[in-house]
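Summary of the model geometry
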Amino acid sequence: MGTSSAFGGQGGGTPLVPSWLGDGGAPPAAPDGVPPDGIPPGGPPPDAPADGPNPPSAPPARPPIPPAADPTRFSAARNNFSRFAGSGGDDRRSLGRAVSHYVGSSSGGARTAAARMGSARGAGSRLLGFLSDAVTRGATEALRTLNLGALAGRPIEEIFLGLTDYVCPDGGSIDEGIAREAFIETITDLAGAGITDIDGLTADQMQTVFELYATNAIEARLCNDIGAKTVTLPSDSRAAARVQAQLNDFIRRGVADALTSARAAAAALTPDRVLGFVGRIYEQAFGILQIMGDAEAEAA
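A few points on the structure. Since the structure is predicted, the reported quantities are computational estimates derived from the model, not experimental observations. (Residues numbered from 1 in each chain as written. Predicted model: local features only at pLDDT ≥ 70, side-chain atom pairs only at ≥ 80, totals over all residues. Heavy atoms only, no water.)

Moving on, we get to the overall build of the chain. Tallying secondary structure elements over the chain gives 12 helices and zero strands in all. For the chain, the α and β elements follow one another from N to C terminus as α-α-α-α-α-α-α-α-α-α-α-α. Taken across its 300 residues, the chain has 41% of its residues classed as buried. Contacts spanning at least 24 positions in sequence make up 77% of the contacts within the chain whose residues lie at least 6 apart. (Helix = DSSP H or I, 4+ residues; strand = E, 2+ residues; numbered from the N terminus. Buried < 20%, exposed > 50% of the residue type's maximum accessible area, 1.4 Å probe, protein only. Contact = heavy atoms within 4.5 Å.)

Here it is, written out as structure tokens:
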């Protein structure tokens, strides 16, 4: 199911937000191998006396180990999604229950679900930052800023493929793989969304591209978490395609609603606010998806 086939699903004991899942990273290396604090390796601390031995430094504190989550937390979402898939897309109530359980009980709420997006938040912010620059200054200048000026004037699919390593560097983890594969799927979605010319990109088209990416990323995260390989899809290829299309459409409606409610903030975006904006969009989208799921589950 799209990017979801890359992984068989989370182990039940995996923490809700693994310790490695974050937007930060090691500080950049300084010239000549001197760390960012300005103290060379083996050198004295800044408050040490000029003469005399240095007192032994305390060992660094170990980061806390995230508590293991409930090993059955994905069961309700998985079982309901299996029923939805087995119906060929007809059992919309099971789809609603699957999404609602995934956000609520499996992920621990919209905020934690958004935090689990990890690399997809960073990738989304870099994508949105580039698109905003392309709308403001033109695609050629935006590409030159990234040392990708040679892509200027190329077809939009080639430009986005050339942006892949910038938007979502391939680090090898499952989380980074989800972000990267979601971006590749977004490239294939561009033509269907009517976005064929990056030189004439509008603010509305910028929102559409980000909407496509966030939708693909959430879908991939959900499917990998509940264990796509343990869900039996219909043997009829048309029914299987209908199942995937309905899930994608359901998620996209939630993302679109979140973006619509944040339209004013999107219009005032600055580079230092993009990451926070993207994180809020994911959180709002998950909250909306849980509400939509509950409504679908209760529909007659």
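With that out of the way, let us pick up the packing of aromatic side chains. Following the criterion strictly, the structure yields four aromatic pairs and no others. Pairing F160 with F183 gives two aromatic rings, centres 6.0 Å apart and planes at 20°, and the pair type is stacked. Remark: F183 occurs in helix α8 (residues 174–189) and F160 occurs in helix α6 (residues 156–162); sequence separation between them is 23 residues. Each member of the pair, F160 as well as F183, is classed as buried. Seen in terms of ring centroids, F183 and Y213 are 6.4 Å apart; in terms of plane orientation they differ by 65°. Their pairing is edge-to-face. With F183 in helix α8 and Y213 in helix α9 (residues 203–226), this pair connects stretches of sequence that are 30 residues apart. (Phe/Tyr/Trp six-rings, centres within 6.5 Å; stacked < 30°, edge-to-face > 60°.)

This paragraph deals with the packing of α9 against helix α10 (residues 237–261). Orientation of α9 relative to α10, taken along the N-to-C sense of each, is 125°, at an axis distance of 9 Å. If you check the angle between α9 and α10, you find them oblique. The two elements α9 and α10 meet at a crossing, and its hand is right-handed. Counted together, Q207, T208, F210, E211, L212, A214, T215, N216, I218, E219 and C223 of α9 and Q244, L247, N248, I251, R252, V255, A256 and L259 of α10 form the full contact between these two elements. Of the residues assigned to the contact of α9 with α10, the class counts are 10 nonpolar, six polar and three charged. (Axes fitted to C-alpha atoms, helices over the stretch in contact; angles between N-to-C directions. Parallel < 35°, antiparallel > 145°, perpendicular 65-115°, else oblique. Left-handed = near helix turned anticlockwise from the far one by under 90°. Nonpolar A, V, L, I, M, F, W, Y, C, P; charged D, E, K, R; others polar.)

Most often, soluble globular proteins keep nonpolar side chains buried together rather than apart. With 68 residues, the main nonpolar core has F160, F183, Y213, I218, Y282 and F286 as its most contacted residues. The greatest single-element share of this core, amounting to 10 residues, is contributed by α9. Residues within four places of F286 in sequence aside, it is in contact with Y102, V103, A110, A113, A114, M117 and I218. (Core = buried A, V, L, I, M, F, W, Y, C linked by side-chain atoms within 4.5 Å.)

For the structure shown, the criterion picks out 13 salt bridges. R144 is the partner of E141 in a salt bridge, and the nearest nitrogen-oxygen pair spans 2.8 Å. Taken as a pair, E141 and R144 lie in helix α5 (residues 139–145) at a separation of three residues, close to a single helical turn. In this structure E141 comes out as partly exposed when scored by relative accessible area, which is 30%. (Salt bridge = Lys/Arg side-chain N within 4 Å of Asp/Glu carboxyl O.)

All right, on to the side chain of S125 then. Residue position: S125 is located in helix α4 (residues 119–137). Among the polar contacts made by the side chain of S125, one reaches the main-chain carbonyl oxygen of G122 at a distance of 2.7 Å. Leaving out residues up to four positions away in the same chain, S125 has contacts with V274, L275 and V278. (Polar contact = N/O pair within 3.5 Å; in protein donor to acceptor, adjacent residues only side chain to side chain.)

The subject of this paragraph is the side chain of R116. Residue position: R116 is located in the loop between α3 (110–115) and α4. Overall, the relative accessible area of 1% leaves R116 in the buried class. Reaching out from R116, the side chain makes a polar contact with the side chain of D225 at a distance of 2.8 Å.

What sets the pattern is the α-helix's 3.6 residues per turn: residues three or four places apart point alike. Here helix α1 (residues 75–86) is 12 residues long and its end C-alpha atoms lie 16 Å apart, about the 16 Å a rise of 1.5 Å per residue gives. Among the residues of α1, A77, N80, F81, F84 and A85 are the ones counted as buried. End-on, the buried residues of α1 take up no more than an arc of 140°, which puts them together on one face. Next to the buried residues of α1 lie α2 (92–106), α9 and α10. Of the residues one or two after α1, G88 is the one with positive phi, at around 75°. (Expected span 1.5 Å × (residues − 1). Arc of directions from axis to C-beta.)

Here we take up the environment of I251. The topology assignment puts I251 in helix α10. Between the C-alpha atom of I251 and that of F286, which follows or precedes it by 35 residues, the distance is 8.8 Å. If near-sequence neighbours (up to four positions away) are discounted, I251 is found in contact with T215, I218, E219 and L289.

Glancing now at the environment of A267. By the secondary structure assignment, A267 is in helix α11 (residues 263–267). The class for A267 is exposed, based on a relative accessible area of 71%. Separated by 135 residues in the primary sequence, A267 and S132 place their C-alpha atoms 9.5 Å from one another.

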